[in-house]
Amino acid sequence: MHFQWDWLCLGVLLISSVTAETENEENLDADVEVEDFDMQSQETEVDRDKPSIEVVYQTPKPTGEVYFTETFDGGLSGWVLSKTKKEDIDDNIAKYDGRWEVEELKENTVPGDRGLVLKSVAKHHAISAMLTKPFIFDDKPLIVQYEVNFQKGIDCGGAYIKLLSSSDDLNLEYFFDRTPYTIMFGPDKCGEDYKLHFIFRHKNPKTGEYDEKHAERPDVDLKKFYLDKKTHLYTLVLKPDDTFEMLIDQTVVSKGSLLENMVPPVNPSKEIEDPSDKKPDDWDERPKIPDPNAVKPDDWDEDEPSKIEDPDAVKPEGWLDDEPEYVPDPNAKKPKDWDEEMDGEWEAPQIPNPKCETAPGCGEWVRPMKNNPRYKGKWRAPMIDNPNYQGIWSPRKIPNPDYFEDLHPFKMTTVSAIGLELWSMTSDIYFDNFIICSEKEVADHWAADGWGLKKLVASANEPGMFSQLVTAAEDHPWLWVLYILTLALPVGLGVLFCWPAKKTDEYDFKKPDVSKQIRKGELKQEREEFEDDEIDEEKENEDTAEDERREMEETKREFLKDTKKMGREASLSDEGEGGEDLDDDEEENEVADEEENEVADATQEEGGMSNKSDSEDEKKEADEGTGDHPLRSVRKRRVRKD
C-alpha cells in the first residue's frame, strides 16, 4: 500500500512540474504580448471594436427557391412603416411612432453586416414588407427563419414576426395589431415568463370564423436565450403531414402535430354537455354524512374553555407591581414648531422602563394560561358513508352541433407579407437575415453565411474560463463555496497521502495489548533474554565468590592432606619401608574419594533446593558443564541460589 502511494505522489509531482513548465511558457508569451500591447496601445484604442479574428463578410445569397429574403445590408428598401393607430387605447400611446434603425451589432461586430434595430422604449412599433411571391400551403413545407439579439437583455417585450394573410385590401401602411395574419412566430418575454410563440389562425369550415391555435409550451428552459446578449437563430418548420418543429440555433426545442399539440384543439369534440340539463334537487353528492345514531356523551362539556389559569404558577421574586412597563422619555423635548392648537397637547414618547430591565417584570402580575385538560370542544357526530350517495353530477352529453373534422390543418390561408408589430420596454432589439423557403438545405446555407459568422466572432471574443467562473459567481454567490471546495480537495488529498509519515523509534514502549494472544515460542524467547540479563549481572559476583571458595577448598585439602600424611608417616615408622608404595596409593584414593563426596553433597543440596522456577537455561549450562567442569557448574548454581 505504501508502495502505491509513493507512485501516486511521484505522478502528482510529475504533473505539477509539467504544468509549471507550461505556465512558464505561457507567462513568457504573455510578456511578449504585453510588450507588443504597450508598443501598439494607441492602435488598439482605435480598433478596440473590431473582432478578435479577421472575418470577411459577404451578404448572404439564397441558393434555391425562396419566397422572401432580407439582410438589411442595403437599408430599409421595400419595408413600409405603419401610419395607423391601435384601437381602443389612449391616443397618446396608440400611435405607431416607435423608431427603427439599420445598424451593426454593438458587441461581436461583423464588419459590413447590418440589421434592423428597434430603438424606442415604451412605444408601439410596426413595420412590414411584401413577400417576393406568396406562399401557398399545398404540398411544400414552410420554413421561416431569422436572427434576434437582445443587446440589452429584455425586461418586457417581444421579438416575434407575423406572416400576414393574403387579401385584396391588404395595405401595409395600415398594418396594426388587428391586421389578419396566418402565423405568428418568435420569442416573447414579460416578467419571468419566457415564451416562444407559434400561433396560427385556423378557419372554421362551418362558420368561416378564425380561431387562434397556440402550440404547447416547449419543455426546455429558454431563459438564457433572452439574457446572454448573443445572436440566436429562430426557425419554424411546418410540413404537409401536419407536423411542426421549432428550433433555436438549429436545435429542436419543440415539435408536435397540428392535430394533437395545439391549444385549443383544431377539431372540436364530437359531443358536448347539454346546456339545458340541470341537476335534480334531490341529487346527493355527499360521500360522507354525520352518523344520525350517534349521541353526545354525558360527560362532554362544551362550555369548558381551551385555556385556563395555571394555579401552580407563582409570581417571580422581585416583580415590580407599581412600576409601569413604559414611561415617558425624560430626554425628549417638544419640537419648536409644535402648535398645540393645531397638533394638540404635546406628550413625550414612551420608552421601556429602565427599572424593568433588571427585574423579572413590571406592572400587575397575571397568572399564565395553560391548556385545559378537561377541554373537548364542540361535539360533532362521527362521519359515516352516505348510503344515498349518487356521485358527482354532470350534464348529459349531446352531439356537438358545431362539430367538424379538419384532417389537414396545414392548408392554411395563403401568406403574402411579413410584419413586425411590437411593443417593448427595452431598446436595441436586433433583427437580421429573414428567409422564407421550402428547402432545409437552402435555410441552412443561408444561416451559415449570416448567423454562422456572428457565432464564430462571438466564440472568438468569449472570455476565458476564469472570467466565466467569476461572472457566474457574481450572479450566484454560493458558487464561491463550490470553487473553494474544488480547489481545497486535491490539495488536502495531496498533503494527506504525499506528506512523509513520521517515523517511530525502533523500540516502541507501549502498553501491551492484553487481547493479543502470546505464543509459547515468544514467551520462551522473552524469558531467555531476561535470564541472560540476570546472568550477566551475577557473573561478577560469581567470579569473586568462586575464587574465595577455591582458596578455602585448597586450604582445606592441603590441611587434610598434611594431617593424613603425618598419620601415615607415624604408622610407617612401625611397618617399615615395604609399605610406602601402598600408602601413597591409598592416600591418593582417599583424596579422590573426599573430592567425590564433596561434589555429591553439593549436587544433592542443589537438587533438594531447586523448584519449577529454575530456568531451562540454567539447567542447560549445568548439563554442558558436567562434561569437562562438573565442579564449576555446581558452584555456579550454589552461588546463584544464595
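Above: the structure in question.
An account of the accompanying structure is given in this report. Fair warning: this is a prediction, and the values are worked out from it, not measured in the lab.

## Describing the environment of Tyr234
Here comes step 1: As for its placement among the helices and strands, Tyr234 is situated in strand β12 (residues 232–238).
Here comes step 2: Here the alpha-carbon distance between Tyr234 and Thr251, two residues 17 residues apart in the chain, equals 9.4 Å.
Here comes step 3: Those residues in contact with Tyr234, other than ones at most four positions away along the chain, are Val144, Gln145, Tyr146, Val148, Phe185, Pro187, Leu196, Phe225, Leu247 and Ile248.

## Quick word on the pattern of salt bridges
Here comes step 1: Summed over the entire model, instances satisfying the criterion amount to 28 salt bridges.
Here comes step 2: Close ionic contact of Asp177 with Lys86 constitutes a salt bridge, the shortest N to O distance being 3.1 Å. Of the two residues, Asp177 is situated in the loop between β8 (161–165) and β9 (181–190) and Lys86 in the loop between β2 (79–81) and α3 (91–94); the sequence distance between them amounts to 91 residues.
Here comes step 3: The buried category is assigned to Lys86, whose relative accessible area is 15%.
Here comes step 4: With a closest N to O distance of 2.9 Å, Asp274 and Arg396 form a salt bridge. Residue Asp274 is located in the loop between β16 (271–273) and β17 (288–290), and its partner Arg396 is located in the loop between β22 (383–385) and β23 (397–399); the two are separated by 122 residues in the primary sequence.

## Description of the environment of Lys239
Here comes step 1: Its location among the elements puts Lys239 in the loop between β12 and β13 (243–248).
Here comes step 2: Residue Lys239 is classed as partly exposed on the basis of its relative accessible area of 31%.
Here comes step 3: When the C-alpha positions of Lys239 and Asp139 are compared, they lie 8.3 Å apart, and in sequence the two are 100 residues distant.
Here comes step 4: Apart from the residues lying within four places of it in its own chain, the contact partners of Lys239 are Pro141, Glu245 and Phe410.

## A look at unusual backbone geometry
Most peptide bonds take the trans configuration, and most residues that are not glycine carry a negative phi.
Here comes step 1: The omega angle of the peptide bond from Val263 to Pro264 is -10°, so this bond is cis rather than trans.
Here comes step 2: Inspection of the secondary structure assignment puts Pro264 in the loop between β15 (262–263) and β16.
Here comes step 3: The phi torsion at Phe72 lies on the positive side, around 65°, for a residue other than glycine.
Here comes step 4: Along the polypeptide, Phe72 turns up in the loop between β1 (66–70) and β2.
Here comes step 5: Even without glycine at this site, Lys229 takes up a positive phi of about 60°.

## Notes on the environment of Tyr174
Here comes step 1: With respect to the helices, strands and loops of the structure, Tyr174 is situated in the loop between β8 and β9.
Here comes step 2: Placed 93 residues apart in sequence, Tyr174 and Leu81 show a C-alpha to C-alpha distance of 8.8 Å.
Here comes step 3: Those residues in contact with Tyr174, other than ones at most four positions away along the chain, are Ser82, Thr84 and Thr179.

## Here's the deal with the side chain of Asp432
Here comes step 1: With respect to the secondary-structure elements, Asp432 resides in strand β25 (residues 429–437).
Here comes step 2: What makes Asp432 buried here is its relative accessible area of 0%.
Here comes step 3: Engagement of the side chain of Asp432 in a polar contact is seen with the side chain of Tyr430, the distance being 2.9 Å.
Here comes step 4: When near neighbours in sequence (up to four residues on either side) are disregarded, Asp432 contacts Glu70, Thr71, Phe72, Asp113, Arg114, Gly115, Tyr146, Glu147 and Lys454.

Parameters and conventions
Residues numbered from 1 in each chain as written. Predicted model: local features only at pLDDT ≥ 70, side-chain atom pairs only at ≥ 80, totals over all residues. Heavy atoms only, no water. Helix = DSSP H or I, 4+ residues; strand = E, 2+ residues; numbered from the N terminus. Contact = heavy atoms within 4.5 Å. Salt bridge = Lys/Arg side-chain N within 4 Å of Asp/Glu carboxyl O. Buried < 20%, exposed > 50% of the residue type's maximum accessible area, 1.4 Å probe, protein only. Polar contact = N/O pair within 3.5 Å; in protein donor to acceptor, adjacent residues only side chain to side chain.

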